[in-house]
Amino acid sequence: MQPSAEIARSLERAILEHRLPPGAKLSEDEVGEIFGAGRTVVRGALQSLAHRNLVTIKRNRGAFVARPDPREAREVFEARALLEPRTAHSAAGRATPAELRQLTAHIEAEHAALRSGDLGRAVYLSGLFHGAIAEIARQRTIAEFIAALVSRSSLIIALYWKRRDTLCESHAHHALMDAIAAGEGRLAEELMQSHLVDLLSGLDLTERRAAPRSLRDMFERSA
């Protein structure tokens, strides 16, 4: 893997796990110092993340972790509600035993993160669960769209989630997996639709600002 790709992957993981919050400035010099890389390599990594809507590059100001506005937040979840219920339906007729074990592993890891109080990692693992369902559905193009939407959802949740405590009480993923394992396509579709509506209802779509912290502190904060 190229150095810029490795840096992009590490930054993406930190963004999706909420260690780098929306709006955080990604100084080329500071990122380069953290990874021991030159500005050209760092710039390539940041451009890659910008193409995926995880980073915003502002002329004469630099790169920042993207901050979806309330309108975009609603549009992202509405788009997911159009795509994911159908992929859940398709996955219910196609999941193999190995793929069901993968879904189980995602859920167990997500719950372990919740028990440890690491909500950012739990959100990241939740996204992996949704992505896995799209892959199981054997709908590659749609799966790529869903992966992009799920990544942007992580930023949205970091900004606008108002019911973090209810994450621990949600059994939506267990119910979805059970429906997929049983081959109940219609039920899986209905459960996914309900789950996404619940996620959207858990958002407080008002602008928020976080207190500034150094990039190194944010990036290296213990997971």
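In this report, the structure presented in the accompanying data block is examined. Small disclaimer: the values here were computed from a predicted structure and weren't measured.

**Overview of the sheet that holds strand E3 (residues 62–65)**
- Reading across from one edge, E1-E3-E2 is the order of the three strands in this open sheet, with antiparallel pairing throughout. Each having just a single partner strand, strand E1 (25–26) and strand E2 (55–58) make up the two edges of the open sheet.
- Bridging between E1 and E3 involves two bridges; their strand directions are antiparallel. Considered in E3, the bridge of Leu 26 is made with Ala 63.
- Sitting on the sheet, helix H3 (residues 39–51) touches E1, E2 and E3, and the angle it makes with E2 is about 115°.

**Quick look at the packing of helix H8 (residues 172–181) against helix H9 (residues 185–201)**
- The interhelical angle for the contact between H8 and H9, taken along N-to-C directions, is 165°, at an axis separation of 8 Å. One finds that H8 runs roughly antiparallel with respect to H9. Regarding H8 and H9, the two cross each other, and that crossing is left-handed. Residues Ala 172, His 173, Ala 175, Leu 176, Ala 179 and Ile 180 of H8 form the contact with H9, whose participating residues are Leu 187, Ala 188, Leu 191, Met 192 and His 195.
- A class-by-class count of the residues in the contact of H8 with H9 yields nine nonpolar, two polar and no charged.

**Comments concerning the nonpolar core**
- By size, the foremost hydrophobic cluster in this structure holds 30 residues, and its most contacted members are Leu 103, Ile 133, Ile 156 and Ile 180.
- Looking at which element gives the most residues to this core, the answer is helix H4 (residues 70–92), with six residues.
- Non-local contacts of Ile 180, meaning those with residues more than four positions away in its chain, are made with Ala 88, Ala 91, Ala 92, Ala 95, Leu 100, Leu 103, Ile 133 and Ala 188.
- By size, the runner-up hydrophobic cluster in this structure holds 25 residues, among which are Ile 7, Ala 45, Leu 125 and Leu 155.

**Things to note about H4**
- With 23 residues, H4 should reach 33 Å at 1.5 Å per residue; the first-to-last C-alpha distance of 33 Å fits that figure.
- For H4, the principal kink sits at Ala 81 and spans about 30°; a proline, Pro 85, occurs within the next four residues.
- Along H4, the positions that sit buried rather than exposed are Ala 73, Val 76, Phe 77, Arg 80, Ala 81, Glu 84, Pro 85, Thr 87, Ala 88, Ser 90, Ala 91 and Ala 92.
- The elements touched by buried residues of H4 are helix H6 (119–136), helix H7 (140–160), H8 and H9.

**Describing the pairing of E2**
- Note that E2 and E3 share four bridges and pair antiparallel. Its bridge partner lying in E3, Ile 57 is registered against Ala 63.
- The antiparallel hairpin formed by E2 and E3 contains three residues in its connecting segment, where Asn 60 sits at a positive phi of about 65°.

**Here's the deal with the packing of aromatic side chains**
- Taken as a whole, this structure holds zero aromatic pairs when the rule is applied.
- Seen from the ring of Phe 64, Lys 58 lies directly overhead, with NZ or CZ sitting 5.0 Å from the centre.

**Side note on the environment of Arg 121**
- Assignment of secondary structure puts Arg 121 in helix H6.
- Residues Arg 121 and Arg 13, 108 residues apart in the sequence, show an inter-C-alpha distance of 9.2 Å.
- Contact partners of Arg 121, with chain neighbours within four places excluded, come to Arg 13, Glu 17 and Ala 113.

**Remarks on unusual backbone geometry**
- Even without a glycine there, the phi angle at His 18 is positive, about 70°.
- Looking at the element boundaries, His 18 is found in the loop between helix H1 (3–16) and E1.
- For His 18, a relative accessible area of 13% translates into the label buried.

Scoring rules and cut-offs
Residues numbered from 1 in each chain as written. Predicted model: local features only at pLDDT ≥ 70, side-chain atom pairs only at ≥ 80, totals over all residues. Heavy atoms only, no water. Pairing = 2+ DSSP bridges. Helix = DSSP H or I, 4+ residues; strand = E, 2+ residues; numbered from the N terminus. Contact = heavy atoms within 4.5 Å. Axes fitted to C-alpha atoms, helices over the stretch in contact; angles between N-to-C directions. Parallel < 35°, antiparallel > 145°, perpendicular 65-115°, else oblique. Left-handed = near helix turned anticlockwise from the far one by under 90°. Nonpolar A, V, L, I, M, F, W, Y, C, P; charged D, E, K, R; others polar. Core = buried A, V, L, I, M, F, W, Y, C linked by side-chain atoms within 4.5 Å. Buried < 20%, exposed > 50% of the residue type's maximum accessible area, 1.4 Å probe, protein only. Expected span 1.5 Å × (residues − 1). Bend = angle between axes of the 7 residues up to and from the residue. Phe/Tyr/Trp six-rings, centres within 6.5 Å; stacked < 30°, edge-to-face > 60°. Lys NZ or Arg CZ within 6 Å of the ring centre and 35° of its normal.

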